[in-house]
Amino acid sequence: MNTVIYDQWRQNYQTASLSDHSTFYDACFQKDPSHASWAGRGIRVFLNQTGGNPVVAEMGGRNGSLAKIALESTPTIKRWINYEISPAALTSNVVNDERYEAKLMTSFRWWLNEAIEGNVIIASHFIEHLSDEDFKSFVGAIPRSIKGIHVQSPIPMKGPMSWNHFNGGHILSLGWVDVNEEFVKNGFRSIVAYDGATWIRP
């Protein structure tokens, strides 16, 4: 895959079907199946901050590489649900734990018709793959049952950011300041975080 393919995906993003997006992300996964887009320290701190027996909803968890490590090292996790649109990633599952569930989504903007389960969200290198409109739609659809969310993303402090000619499937133009404003508008407040940003419901 090269920048031409990624730019074409960005250009067609809004009108692409679920099949189009799934095929694109299958190719991204197959290009580098072992690629892990998460920093464990930040997620460990987040799980400690939220405490209890979390039911984790992970956005775009690929083959479960993060879930595997988190479940092995955190016995207090009650359940882990991986929401993913890449069949290739899910069929390459690396998790063998009865608390883990992988869900293949049946629509690209699946959060509009399927409620997010759990009480915390981990979105590691997920939001940069959404358009500004889809990111705002996603945050607005987060149910009240979600008490905290941890986000890791390679976005700048403030947008707008252009990803044209970038060798990857990034499209979000918002920066951290804009992202924070969106979470605050939807009833969250920011707290101290590592390797990303964390919001909780007051």
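Residues numbered from 1 in each chain as written. Predicted model: local features only at pLDDT ≥ 70, side-chain atom pairs only at ≥ 80, totals over all residues. Heavy atoms only, no water.

Enquirer: Can you lay out the overall build of the chain for me, pointing to particular residues and giving the numbers?
Expert: Helix and strand content of the chain: seven helices and seven strands. Along the chain, helices (α) and strands (β) appear in the sequence α-α-α-β-α-β-α-β-β-α-β-α-β-β when read from the amino end. What you see for the chain is a C-alpha radius of gyration of 16 Å, in line with the 17 Å of a compact globule of 202 residues. In terms of its C-alpha atoms, the chain occupies a principal-axis envelope of roughly 45 × 35 × 30 Å. Taking as baseline every contact in the chain between residues at least 6 positions apart, the subset at least 24 positions apart corresponds to 67%. Split by element, the accessible area of the chain, about 9,500 Å² in all, is 52% carbon and sulfur. (Helix = DSSP H or I, 4+ residues; strand = E, 2+ residues; numbered from the N terminus. Rg over C-alpha atoms; globule rule 2.2 N^0.38 Å. Contact = heavy atoms within 4.5 Å. Areas by Shrake-Rupley, 256 points an atom, 1.4 Å probe, with all protein chains shown as cover.)

Enquirer: Go over the sheet that holds strand 1 (residues 55-59) with me, naming the residues and quoting the values.
Expert: Reading across the sheet, the seven strands line up as 3-2-1-4-5-7-6 and stay open at both edges, with mixed pairing between neighbours. Looking at strand neighbours, the two that pair on one side only are strand 3 (100-104) and strand 6 (189-191), the edges of this open sheet. The sheet shows a mean angle of 20° between the axes of neighbouring strands, direction not considered. The pairing of strand 5 (residues 148-152) with strand 7 (residues 197-200) spans four bridges and is antiparallel. Residue pairing in the sheet places His 150 in a bridge with Thr 198 of strand 7. Against the sheet, helix 4 (residues 65-73) makes contact with strand 1, strand 2 (79-84), strand 3 and strand 4 (120-124), and its axis sits at roughly 175° relative to strand 2, the strand it touches most. (Pairing = 2+ DSSP bridges. Axes fitted to C-alpha atoms, helices over the stretch in contact; angles between N-to-C directions.)

Enquirer: Could you give an account of the packing of helix 6 (residues 132-141) against helix 7 (residues 176-185), naming the residues involved and the relevant values?
Expert: A pair of packed helices is captured by two measures, namely the crossing angle of their axes and the spacing between those axes. Between helix 6 and helix 7, the shortest axis-to-axis distance is 9 Å and the interhelical angle comes to 30°. Here helix 7 runs roughly parallel to helix 6, going by the angle between their axes. You can see that helix 6 and helix 7 cross each other, and the crossing is right-handed. When helix 6 is examined against helix 7, the residues Phe 135, Lys 136 and Val 139 are found in contact with a partner set consisting of Val 179, Glu 182 and Phe 183. Partitioned by chemical class, the residues of the contact of helix 6 with helix 7 number four nonpolar, no polar and two charged. (Parallel < 35°, antiparallel > 145°, perpendicular 65-115°, else oblique. Left-handed = near helix turned anticlockwise from the far one by under 90°. Nonpolar A, V, L, I, M, F, W, Y, C, P; charged D, E, K, R; others polar.)

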